Amino acid sequence: MSDVGRILGRAVLGAALAVSVLFIVSVAVVGVSAMIGKGVDVPLVINVNVAEENGLPAVYFEPYLSGMALLAGVIIGVTVGAWFASGKRRAPAKTDSTDA
């Protein structure tokens, strides 16, 4: 497999990690906001507010897609960069150089 394929593979892995992190953060922020009954804001990611409708609490959230895309790009970059920094790339195929 070429280096480009390996880099794309790590980028896909980073994208999956980014989606997972953003989902967990979003769910946690909505849950915390619902429990404390006040608004919670994660800058550049999500803003959650609690209001009352018809006597019942309602949770409103506003995701910041550009901030989420920026954070996802950072996570993908760190994933690919960590792979390069670790030096765990596969060694080139060995060739038999004995001439018999």
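These numbers come from a predicted model, not from an experiment.

Novice: Could you give me a rundown of a nonpolar patch on the surface, with the residues and numbers involved?
Specialist: On the surface, Leu-44, Leu-70, Leu-71, Val-74 and Val-78 cluster together to form a nonpolar patch covering roughly 450 Å² of accessible area. Tracing the backbone through its elements, the reader meets Leu-71 in helix 2 (residues 65–86).

Novice: How would you sum up the nonpolar core? Please name residues and give values.
Specialist: Core analysis: the biggest nonpolar cluster contains 10 residues, these being Ala-18, Leu-22, Val-29, Val-40, Val-45, Ile-46, Val-48, Met-68, Ala-72 and Ile-75. Secondary structure elements with two or more residues in this core: helix 1 (3–36), strand 2 (46–53) and helix 2. Among residues more than four places away in sequence, those in contact with Leu-22 are Val-45, Met-68, Leu-71 and Ala-72.

Novice: Account for the pairing of strand 2, with residues named and values stated.
Specialist: By the bridge criterion, three bridges tie strand 1 (residues 40–42) to strand 2 in an arrangement that is antiparallel. From the neighbouring strand, Val-42 faces strand 2, where its bridge partner is Ile-46. Taken together, strand 1 and the strand that follows it, strand 2, pair antiparallel across an intervening segment of three residues, in which Leu-44 is found at a positive phi of about 65°. By the bridge criterion, eight bridges tie strand 2 to strand 3 (residues 56–63) in an arrangement that is antiparallel. When the bridges of strand 3 are listed, Glu-53 appears paired with Leu-56. The loop that links strand 2 with its antiparallel partner strand 3 comprises two residues; one of these, Asn-54, has a positive phi angle of about 55°.

Novice: Please give an account of the environment of Gly-14 that cites residues and values.
Specialist: Along the chain, the position of Gly-14 falls in helix 1. With 65 residues separating them in the primary sequence, Gly-14 and Thr-79 have C-alpha atoms 5.4 Å apart. Once residues lying within four places of it in the same chain are set aside, the contact partners of Gly-14 are Ile-75, Ile-76 and Thr-79.

Conventions and cut-offs
In every chain, residue numbers begin from 1 and rise along the written sequence. Restriction of local features to residues with pLDDT of at least 70 applies here, the model being predicted, together with a cutoff of 80 or more for giving and counting side-chain atom pairs; totals for whole chains, interfaces and linings are based on all residues. Note that the side-chain values use all heavy atoms of the structure and ignore hydrogens as well as water. Note that patches include only residues with greater than 30% relative accessible area and no salt bridge, and the join distances are 9 Å for like charges and 5 Å for nonpolar side chains (Val, Leu, Ile, Met, Phe, Trp, Tyr). The accessible surface values rely on the Shrake-Rupley method and a 1.4 Å probe; as for residues, cover is taken only from the protein chains in view. Salt bridges are identified by distance alone: a Lys or Arg side-chain nitrogen within 4 Å of an Asp or Glu carboxyl oxygen. Secondary structure is summarised from DSSP: a helix means a run of H or I of at least four residues, a strand means a run of E of at least two, and numbering begins at the N terminus for each. Residues belong to one nonpolar core when they are buried, are Ala, Val, Leu, Ile, Met, Phe, Trp, Tyr or Cys, and are joined through side-chain atoms within 4.5 Å. Each residue's exposure class comes from its accessible area (1.4 Å probe, protein chains only) as a fraction of the maximum for that residue type: buried when under 20%, exposed when over 50%, partly exposed otherwise. Here, residues are in contact when the closest pair of their heavy atoms is within 4.5 Å. Two strands pair if DSSP finds at least two bridges between them.

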